[in-house]
There are 2 protein chains.
Amino acid sequence: MAPAQELQHDQQAPPRSDEAPYKSRVTVVGSGNWGSVASKLIASNTLRLTSFHDEVRMWVYEEILPSGEKLTEVINRTNENVKYLPGIKLGRNVVADPDLENAVKDANMLVFVTPHQFMEGICRRLVGKVRGDVEAISLIKGMEVKMEGPCMISTLISQQLGLNCCVLMGANIANEIAVEKFSEATVGYRVNREIAEKWVQLFSTPYFIVTAVQDVEGVELCGTLKNVVAIAAGFVDGLEMGNNTKAAIMRIGLREMKAFSKLLFSSVKDTTFFESCGVADLITTCLGGRNRKVAEAFAKNGGKRSFDELEAEMLQGQKLQGVSTAKEVYEVLSHRGWLDLFPLFATVHEISIGRLPPSAIVEHSERKPKFSLADGSI
Amino acid sequence: MAPAQELQHDQQAPPRSDEAPYKSRVTVVGSGNWGSVASKLIASNTLRLTSFHDEVRMWVYEEILPSGEKLTEVINRTNENVKYLPGIKLGRNVVADPDLENAVKDANMLVFVTPHQFMEGICRRLVGKVRGDVEAISLIKGMEVKMEGPCMISTLISQQLGLNCCVLMGANIANEIAVEKFSEATVGYRVNREIAEKWVQLFSTPYFIVTAVQDVEGVELCGTLKNVVAIAAGFVDGLEMGNNTKAAIMRIGLREMKAFSKLLFSSVKDTTFFESCGVADLITTCLGGRNRKVAEAFAKNGGKRSFDELEAEMLQGQKLQGVSTAKEVYEVLSHRGWLDLFPLFATVHEISIGRLPPSAIVEHSERKPKFSLADGSI
């Protein structure tokens, strides 16, 4: 493999003279647990497919390891992300690059997979620094839901960088995919089916099956809203109410995810919720996952210990997306007068702030919202 | 409560002179675990609602208990089905009746909830013995799938007795509902919304939420086909493949349930699979349930011990519906040339008869069938 140094260019001049003009160059922006697995998936395909340049550039937020070495240097020497995905070879064609601007400048395919709170800053730094023909995809779950509606990460990327942005979501526990266990994912795209198929090609492996659907908002909203349902499922687990009740709460949650998405974006399709990003990701998240786990502990304690306290104890400073998303969704519901339509979403927030006891999750979710009349309108 | 004796009539003469003409009379045909819970739910509502006669007649296949007493006598004395639902009071207005013809003759609402293999015989005995204005509902999961297509229990009842038959399905573990844990169910009806609403009224309680959908075949097929998916989920558990893979297999299973139902009955609606009978029952069945459990043991043994052997050991002589349904579905698929369209259904059968190893569940289910092209056609 060419050392990282040799692959740097002084100016934006793709494609290079020594490669076929149609070859795409891929850069992954982010190198955490999921970003490293995404790089591994992609790198196996760029080697195999003639329409892609072999090298996959991976932007790494530089860190000095306890050994005194730089993280990028260790990744490029050992071919492993020793900090975020130890024990897994990424592929020798993955090149870690600590320089964000350098990492993206030659790419015509950008994969965004950073914590969502960093995306605004990254986009600001990238304005004017990416190729004119670049296509993007976001793997980032957990956009912000503001009072007037959700601020989708794909929209943020599209608007700030003036490019087209797809999304990839699904039942994707990074460590399971890293060891090549079978799973699936969904690509959401807005208009261009051909571009979507190119992303499908780039990510698909025999153990990672990707399907494209023309519904970017539906796919992206699934990735965020399922965390609110996972909190509800955790309450049911903590109350030891059994599988029947848990399944009912997950189903009501899925219905509210669908109804909420369709009220916000009339383009959202029912069929999207049958894809990996919908029902499968919901199942994974409600079976395992930290949102479910901390909510279970919250209910076991009868709501007497706050989420903040339990998070600090159980997650080493990480924050639960489900609790903050529930708060943001609640604000949208209040603002639009929709609280009665979404009893489960509303109740999750009211329990999490201590206004209702955990047992309210079943007492309140059972209220029949207007759209349950099976008329198929929502 | 009036003793059972007093409630018997010499002839069909409903309504009785001492009751308002509009009052409905309900008989539950069956008194196993789920039949007893159904009687309890119904009995709480007939007492409360003026449009129903208080008494709920429950036909009991008579048995002599170890004590020497008759089961019906013990039920009527103690108000408990000591054999199939011990510890739960059914409601003092539930009257056990060992005489099938006597039990049904005054009823204008019949609830069928017996093991499905008894239904043909029961129907034969009831021809000409039910009221002309009678409405029926079937709670029986597990109809037979014959080569030319499924033989729906609701159709069997409709045709043999010349009456209209709805179905009630859902994520309904009887013992959890018996102790009044929150759950949901779906009523499927063919044409008459008013009748469906009457069934909804009869079954609904604050902890048991029932929704009606105009899709009797879709609802009934969900109840059968989910058992095939539960076998697949059990294989994944036995192979210890993790939640990601399990969620993916459940999702592919749900997709095949939907596609199979729609190919057989073009009237089947996508939205039905979002109801309790669809996604919620699938989740419950794939988390707990005996199909999942025995399939897990089968995979753990690498397929070296047959389902017959494991069933005998683990289920005390009970048979797994999932394995026989998978066989019947396979026959339909072969007969119609659909095997390639349903890789998961086909693979479950081929694993269960030893033609493929358990690990094939992921290797084969990943084959993309034609209808996964996200064109929404199926």
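In this text the structure is predicted, and so the values were computed from the model without any measurement.

## Concerning the packing of helix α11 (residues 290–300) of chain A against helix α12 (residues 307–314) of chain A
All names here are of chain A.
Part 1 of the reasoning: At a minimum axis separation of 10 Å, α11 and α12 run at an interaxial angle of 125°. In terms of axis orientation, α11 runs oblique to α12. The handedness of the crossing between α11 and α12 comes out as right-handed. Contacts from Lys-293, Val-294, Ala-295, Ala-297 and Phe-298 in α11 reach Phe-307, Leu-310, Glu-311 and Met-314 in α12.
Part 2 of the reasoning: Residues belonging to the contact of α11 with α12 are distributed by class as follows: 7 nonpolar, no polar and 2 charged.

## Concerning the domain arrangement of chain A
Residue and element names in this part refer to chain A.
Part 1 of the reasoning: The assigned domain composition of chain A is domain 1 (24–214) and domain 2 (219–360).
Part 2 of the reasoning: Between domain 1 and domain 2, the residue contacts involve 26 residues of the former and 24 residues of the latter.
Part 3 of the reasoning: Interface of domain 1 and domain 2: buried area, both sides summed, is about 2100 Å²; carbon and sulfur atoms make up 63% of it.
Part 4 of the reasoning: On the domain 1 side of the interface with domain 2, the three residues burying the most area are Met-143, Val-145 and Met-147, jointly 28% of the side's total.
Part 5 of the reasoning: Put simply, domain 1 and domain 2 have 1 salt bridge between them.
Part 6 of the reasoning: Lys-141 is paired through a salt bridge with Asp-281; the nearest N and O atoms lie 3.2 Å apart.
Part 7 of the reasoning: Our count for the domain 1 to domain 2 interface comes out at 8 residue pairs in polar contact (both at pLDDT 80 or more).
Part 8 of the reasoning: Going through the elements one at a time, β6 (144–146), β7 (149–151), α5 (153–161), β8 (164–169), β9 (183–188) and β10 (208–213) are the ones with two or more residues in the side of domain 1 that touches domain 2.

## A word on the sheet that holds strand β2 (residues 52–59) of chain A
Residues and elements named next belong to chain A.
Part 1 of the reasoning: With respect to topology, 8 strands assemble into an open sheet ordered β3-β2-β1-β4-β5-β8-β9-β10, the strand pairing being mixed. In this open sheet, the two strands that pair with only one neighbour each are β3 (94–97) and β10. Taking each pair of neighbouring strands and ignoring which way they run, the sheet shows an average axis angle of 25°.
Part 2 of the reasoning: Taken together, the 4 bridges between strand β5 (residues 135–138) and β8 define a ladder with parallel strand orientation. Bridging across to β8, Glu-135 finds its partner in Asn-164.
Part 3 of the reasoning: Helix-sheet contacts for helix α2 (residues 71–78) involve β2 and β3, and the interaxial angle to β3 is about 165°.

## Examining the pattern of salt bridges
Part 1 of the reasoning: Under the definition given, this model contains 48 salt bridges over all chains.
Part 2 of the reasoning: Among the salt bridges present, the one from B:Arg251 reaches A:Glu184, with a minimum N-O distance of 2.7 Å. Residue B:Arg251 is found in helix α9 (residues 242–264), and its partner A:Glu184 is found in strand β9; the two belong to separate chains.
Part 3 of the reasoning: Accessibility expressed as a relative area gives 5% for A:Glu184, which makes it buried.
Part 4 of the reasoning: A salt bridge links B:Lys327 to B:Glu331, with the shortest nitrogen-to-oxygen separation between them at 3.1 Å. Of the two residues, B:Lys327 and B:Glu331 both sit in helix α13 (residues 321–336), 4 residues apart, roughly one turn of that helix.
Part 5 of the reasoning: Judged by relative accessible area, B:Lys327 falls into the partly exposed class, the value being 44%.

## Points about the UniProt feature "binding site: substrate" (unreviewed entry) in chain A
Residue and element names in this part refer to chain A.
Part 1 of the reasoning: The sites that carry the UniProt feature "binding site: substrate" (unreviewed entry) are, in the present numbering, Lys-141, Arg-290 and Asn-291. Across 151 residues, the annotated set stays spatially compact, with a maximum C-alpha separation of 14.3 Å.
Part 2 of the reasoning: With respect to the secondary-structure elements, Arg-290 resides in helix α11.
Part 3 of the reasoning: Ignoring sequence-local partners within four residues, the contact set of Arg-290 consists of Leu-315, Gln-318, Lys-319 and Leu-320.
Part 4 of the reasoning: Within the secondary structure layout, Asn-291 lies in helix α11.
Part 5 of the reasoning: Overall, Asn-291 belongs to the buried group, its relative accessible area being 7%.
Part 6 of the reasoning: Aside from chain neighbours lying at most four places away, what touches Asn-291 is Asn-227, Ala-230, Ile-231, Leu-320, Gln-321, Gly-322 and Val-323.

## Focus on the nonpolar core
Part 1 of the reasoning: A:Phe112, A:Phe345, B:Phe112 and B:Phe345 are the most contacted members of the largest nonpolar core, which has 181 residues in total.
Part 2 of the reasoning: Filtering out sequence-adjacent residues up to four positions away, B:Phe345 remains in contact with B:Leu225, B:Val228, B:Val229, B:Gly253, B:Glu256, B:Met257, B:Phe260, B:Val329 and B:Leu333.

## What about the confidence of the model for chain A?
All names here are of chain A.
Part 1 of the reasoning: Residues of chain A with pLDDT of at least 70 account for 91%, and the chain-wide mean is 90.
Part 2 of the reasoning: For the stretch residues 1–17, pLDDT sits under 50, and the model shows 37 contacts to residues farther than four places along the chain or on other chains.
Part 3 of the reasoning: A low-confidence stretch, residues 369–378 stays under pLDDT 50, and its non-local contacts, those more than four residues away or across chains, total 21 contacts.
Part 4 of the reasoning: For this predicted complex, the interface score ipTM comes out at 0.88, alongside a pTM of 0.89.

Procedures and definitions
Residues numbered from 1 in each chain as written. Chains lettered and ligands numbered in written order. Predicted model: local features only at pLDDT ≥ 70, side-chain atom pairs only at ≥ 80, totals over all residues. Heavy atoms only, no water. Axes fitted to C-alpha atoms, helices over the stretch in contact; angles between N-to-C directions. Helix = DSSP H or I, 4+ residues; strand = E, 2+ residues; numbered from the N terminus. Parallel < 35°, antiparallel > 145°, perpendicular 65-115°, else oblique. Left-handed = near helix turned anticlockwise from the far one by under 90°. Contact = heavy atoms within 4.5 Å. Nonpolar A, V, L, I, M, F, W, Y, C, P; charged D, E, K, R; others polar. Domains from an automatic or database assignment. Buried area = accessible area lost by both parts, 1.4 Å probe. Salt bridge = Lys/Arg side-chain N within 4 Å of Asp/Glu carboxyl O. Polar contact = N/O pair within 3.5 Å; in protein donor to acceptor, adjacent residues only side chain to side chain. Pairing = 2+ DSSP bridges. Buried < 20%, exposed > 50% of the residue type's maximum accessible area, 1.4 Å probe, protein only. UniProt positions renumbered as here; feature names shortened; annotations may be inferred. Core = buried A, V, L, I, M, F, W, Y, C linked by side-chain atoms within 4.5 Å. pLDDT = per-residue confidence, 0-100.

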